[in-house]
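Here is how the chains run, residue by residue.
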Amino acid sequence: MYELKTKETDHSVVEFIEQVENPKKREDAYKLLDIFTETTSFKAKMWGTSIIGFGSYHYKYESGHEGDAPLVGFSPRKAKISLYFATGDTKREELLKTFGKHTTGKACVYINKLADIDVDVLKELINQSVIFLKETYPN
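In what follows, the accompanying structure is described. No experiment lies behind these values; they were computed from the predicted model shown.

A separate point is the sheet that holds strand E6 (residues 72-76). Taken in spatial order, the 7 strands line up as E1-E2-E3-E6-E7-E9-E8 in an open sheet, and their pairing is antiparallel. Looking along the sheet, the strands with just one partner apiece sit at the ends: strand E1 (8-9) and strand E8 (103-104). Here 4 bridges tie E6 to strand E7 (residues 81-84), and the two strands are oriented antiparallel to one another. Looking at the pairing, Ser75 lines up with Ser82 of E7.

In total, this model carries 5 aromatic pairs according to the counting rule given. Ring centres 5.3 Å apart and planes at 40° place the aromatic pair Phe36 and Phe74 in the tilted group. Linking Phe36 in helix H2 (residues 23-40) with Phe74 in strand E6, this pair joins segments that are 38 residues apart in sequence. A single burial state applies to Phe36 and to Phe74, both of which are buried.

Rules and cut-offs
Residues numbered from 1 in each chain as written. Predicted model: local features only at pLDDT ≥ 70, side-chain atom pairs only at ≥ 80, totals over all residues. Heavy atoms only, no water. Pairing = 2+ DSSP bridges. Helix = DSSP H or I, 4+ residues; strand = E, 2+ residues; numbered from the N terminus. Phe/Tyr/Trp six-rings, centres within 6.5 Å; stacked < 30°, edge-to-face > 60°. Buried < 20%, exposed > 50% of the residue type's maximum accessible area, 1.4 Å probe, protein only.

Right, here's the structure in full:
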């Protein structure tokens, strides 16, 4: 049976952010913490060793694979800041057009710094992701 590596933990979010070496990235992480907390009304939790997640949902795929994941989150990584939003939502792609300087991977949106993006669009992406996942995975 496949074991999920990224699970909710009780590690301290603040302690994790304090370990971010780059002072500007650490400052952005605290700003993102405030933005995500205010936008979702969820308390920040650590998921695995490096993802700060907000809320959670349980998913189950047709393949039988299932697990829990944060509704939204971010991680101040060494190279870039990873933002986690729902994939598969067409509104996400529309919002990203006006988001600012970013790149995308399979599931992540990557930014260099908070100043590169439109924070209002970030809040819309957060809200849209939460709505989409709650509708897609109602239980």
